[in-house]
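# Secondary and tertiary structure notes
So the chains spell out like this:
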Amino acid sequence: MKKFILLLLSLIVVCRVPECYSGSNIVLIVTDDQDLMLGGLTPMVKTRNLIANMGITFSNAFVTTPICCPSRASILSGQYQHNHHTVNNSVSGGCSSRHWQQHVEPRTWPAQLHEAGYTTFYAGKYLNQYGYEKTGGVEHLPPGWDWWIGLVGNSRYYNYTLSVNGTAEFHANDYLTDIIKDHALQFLRQKQVTEKNFLMVLAPPAPHAPFTPAPKYKDYYKNVTAMRTPNFNVPVHEDKHWLLRLPPSPLPESILPELDRVYRQRWETLLSVDDLVESVMKQLESLELLQNTYVIVTSDHGYHVGQFGLPWDKRQPYEMDIRIPLMMRGPGLPQKHVVTRSVLNIDFAPTFLSMAGLEAPPWMDGVSFFPVQDSNSTNGTEIDRKFLIEYHGEGKKKTVSSECPYHQNRNLSNCVPEQLCKCQDSKNNTFVCVRHLQPYITPGLQSANDFVFCKFKDSENFTEAYDLNVDPYQLNNVASSMSPAEEKRYNFWLDRLVTCSGYSCQLDHQSQIYPL
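Residues numbered from 1 in each chain as written. Predicted model: local features only at pLDDT ≥ 70, side-chain atom pairs only at ≥ 80, totals over all residues. Heavy atoms only, no water.

All right, on to the packing of helix 2 (residues 45-52) against helix 10 (residues 256-286) then. Between helix 2 and helix 10, the least distance of the axes is 7 Å, while the angle of their chain directions is 40°. Handedness of the crossing formed by helix 2 with helix 10: left-handed. Contacts between helix 2 and helix 10 involve Val-45, Lys-46, Thr-47, Leu-50 and Ile-51 from the first element and Asp-274, Asp-275, Val-277, Glu-278 and Met-281 from the second. Within the contact of helix 2 with helix 10, the residues separate by chemical class into five nonpolar, one polar and four charged. (Axes fitted to C-alpha atoms, helices over the stretch in contact; angles between N-to-C directions. Helix = DSSP H or I, 4+ residues; strand = E, 2+ residues; numbered from the N terminus. Left-handed = near helix turned anticlockwise from the far one by under 90°. Contact = heavy atoms within 4.5 Å. Nonpolar A, V, L, I, M, F, W, Y, C, P; charged D, E, K, R; others polar.)

Moving on: the layout of surface pockets. In this model, the largest pocket occupies a volume close to 860 Å³. Around the largest pocket, the lining comprises 32 residues; the ones closest to its centre are Asn-154, His-208, Ala-209, Arg-315 and Asn-414. In terms of residue class, the lining of the largest pocket is made up of nine nonpolar, 13 polar and 10 charged. (1 Å grid on protein atoms, 1.4 Å probe; cavity = no way out; pocket = protein on both sides within 12 Å on 5 of 7 lines; lining within 4 Å. Points joined across faces, edges and corners; volume = space filled by probe spheres on them.)

This part is about helix 3 (residues 68-77). In terms of burial, helix 3 is a largely internal element, 10 of the 10 residues being buried. Where helix 3 is concerned, the buried positions are Cys-68, Cys-69, Pro-70, Ser-71, Arg-72, Ala-73, Ser-74, Ile-75, Leu-76 and Ser-77. The positive-phi residue at the C-terminal boundary of helix 3 is Gly-78, with phi of around 75°. (Buried < 20%, exposed > 50% of the residue type's maximum accessible area, 1.4 Å probe, protein only.)

Moving on, we get to the sheet that holds strand 5 (residues 147-151). Through backbone hydrogen bonds, the strands of a sheet pair up, either in parallel or in antiparallel fashion. On the basis of which strands lie adjacent, the open sheet formed by 10 strands has the order 7-6-5-4-8-1-9-12-2-13 and mixed pairing. The strands lining the two open edges of the sheet, one partner per strand, are strand 7 (167-171) and strand 13 (337-339). Sheet twist, expressed as the mean angle between neighbouring strand axes with direction ignored, is 15°. Across six bridges, strand 4 (residues 119-125) lies against strand 8 (residues 198-203) in parallel orientation. Bridging from a neighbouring strand, Thr-119 pairs with Phe-198 of strand 8. Docked against the sheet, helix 7 (residues 176-188) engages strand 4, strand 5, strand 6 (160-164), strand 7 and strand 8, running at close to 170° with respect to strand 8. Where helix 10 meets the sheet, it contacts strand 1 (25-31), strand 8, strand 9 (293-299) and strand 12 (326-329), and its direction lies at approximately 175° from that of strand 1. (Pairing = 2+ DSSP bridges.)

Moving on, we get to the side chain of Arg-329. Among the structural elements, Arg-329 can be located in strand 12. Here Arg-329 is buried and forms no salt bridge, its nearest opposite-charge partner Glu-285 lying at an N-O distance of 7.2 Å. If we skip the residues at most four places from it in the chain, Arg-329 touches Leu-50, Ile-51, Met-54, Gly-55, Met-281, Leu-290, Thr-293, Tyr-294 and Val-295. (Lys, Arg positive; Asp, Glu negative; His and termini not counted. Salt bridge = Lys/Arg side-chain N within 4 Å of Asp/Glu carboxyl O.)

Following the sequence through the fold, Ser-481 ends up in the loop between strand 22 (463-467) and helix 13 (484-498). In the structure, Ser-481 is positioned 16 residues away from Ala-465 in sequence and 9.5 Å away in space, judged by C-alpha atoms.

With that settled, consider the nonpolar core. Counting residues in hydrophobic clusters, the biggest one holds 84 residues, and the most contacted among them are Phe-58, Tyr-80, Trp-109 and Ile-296. If you look at the next biggest cluster of nonpolar residues, it comprises 56 residues, including Ile-29, Ala-206, Val-295 and Met-327. (Core = buried A, V, L, I, M, F, W, Y, C linked by side-chain atoms within 4.5 Å.)

This part is about the packing of aromatic side chains. A complete count under the given rule lists 29 aromatic pairs for this structure. Here Phe-62 and Phe-387 contribute two aromatic rings whose centre-to-centre distance is 5.1 Å and whose plane-to-plane angle is 50°, an arrangement assigned as tilted. Remark: Phe-387 occurs in strand 17 (residues 385-391) and Phe-62 occurs in strand 3 (residues 61-62); sequence separation between them is 325 residues. According to the relative accessible area criterion, Phe-62 is buried, its value standing at 0%. Plain terms: the ring middles of Phe-348 and Phe-369 are 6.4 Å apart, the flat faces sit at 75° to each other, and that makes the pair edge-to-face. Placement of Phe-348 in helix 12 (residues 348-355) and of Phe-369 in the loop between helix 12 and strand 15 (377-378) is noted, with a sequence separation of 21 residues between them. (Phe/Tyr/Trp six-rings, centres within 6.5 Å; stacked < 30°, edge-to-face > 60°.)

On average, residues of the protein chain carry a pLDDT of 91, and 90% of them reach 70 or more. Counting contacts from residues 1-21, a segment whose pLDDT is below 50, to residues more than four positions away or on other chains yields 45 contacts. Here residues 509-516 is modelled with pLDDT under 50, and outside its nearest four sequence neighbours on either side it reaches 13 contacts, counting other chains as well. (pLDDT = per-residue confidence, 0-100.)

With that settled, consider the pattern of salt bridges. Side chains bearing opposite charge may pair, as long as their charged atoms lie close to each other. Evaluated as defined, the whole model comprises 22 salt bridges. For Asp-275, the salt bridge is made with Lys-216, and the minimal N-O distance between the two is 3.4 Å. Linking Asp-275 in helix 10 with Lys-216 in the loop between strand 8 and helix 9 (242-245), this pair joins segments that are 59 residues apart in sequence. Classification of Asp-275 as buried rests on a relative accessible area of 8%. Close ionic contact of Asp-313 with Arg-315 constitutes a salt bridge, the shortest N to O distance being 2.6 Å. The buried category is assigned to Asp-313, whose relative accessible area is 6%. Residue classification places Arg-315 among the buried residues on the basis of a relative accessible area of 8%. A cluster of three or more residues bridged by salt bridges with shared partners is formed by Lys-46, Lys-216, Asp-275, Glu-278 and Lys-282.

Structure below.
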């Protein structure tokens, strides 16, 4: 009898009120390049108090592609990049491309919510190539949005153009995060918004380059230095793929003050996001909307600042770049609750559809994590999740400075003297990884399995593998010491994932037995 009662308790979910299952408002705030592993949430004190302390924190949230446009496409579509075909930040790589606009954009989860009767609002960065003449200009309005304030191009803080419902609006001196906040509050004050369910997505530029804080926050963290993690500026040897081995390695001491500047200014830009969250929450409370509104705060991917001698960027398969902050509050959710089960950016789409009482279409690759389970178990067993990390490298000679020795190289990208010509990308910085995470149900214990296995599509066919239970900073590549059976098992999962679609991507929810 005792075992039966324990089994029933393990199946009880956190959400216990009718509002959790249909007709809830959704507010999604997506920052740009905000890390989790390097203290990226430290500046957001108000956000942590208002969202995390009043709701749920997901400690194992990941993106499936560590770069802006593909990750945002995955958030919107619920698909891996090999299915939505946005593989990097260029138009030729699918970013705001004709394929995206014709085949993916019309069926995103916001479009489905709009069709179901939601009032919808978007403000901020959309996709990196949005709004340019070659991608339809500011007149192009993605389907499903009643209010549209889309940033033209990539993140910036001043001197930007917005598409305001299809009309170009230039701002020279208005801090973009504050403009997004003002539009959001104006939207919430519209009477018709409170008359039916609404979706509001806010996408501020912080803490993306050029790392420009609002004037009131300039030098707020002037004494802060970049986190010196165990993998900070370590010399890279033959056990890492060739891009990391490019000189200089390690970075000379002379550039470390610049890493510190980038790190603290990233934090300073986030203080304005913290203000935005506070203002939105106060507005929701004053309108008595909090009791039926889910508020989610996350990022499009992580970031590194000095790890493995890489100056500052993303695009790598390491924990700094693929882990993201994710917190949520809403009706029926407990306070100060930590969920350790894996959540991916491709899971957002089916989750938000579930919040609206809608079923996810079968072509979505992700799995809804709503209603949120009180433990990390399914039918009393641990969730054993295997998911894909994939990236297609990009080479653009116009991003290779003439002051660098790689000038006019079409295969490299982002090589600039400010970073001592340490290139941040290349066409064959292309990889696929299987990430295997199986947390224990009991909080505080390390995971039963915590492993990543990566194959690079370069001339070396390089392989990297890390057991994060014993090597959380990924210092020791264990690919060469894996047993043949273990390597075969991870290659089997990888082969399945790189071609999966819809339900076949959900290896963690299938009774798939590996053929020994």
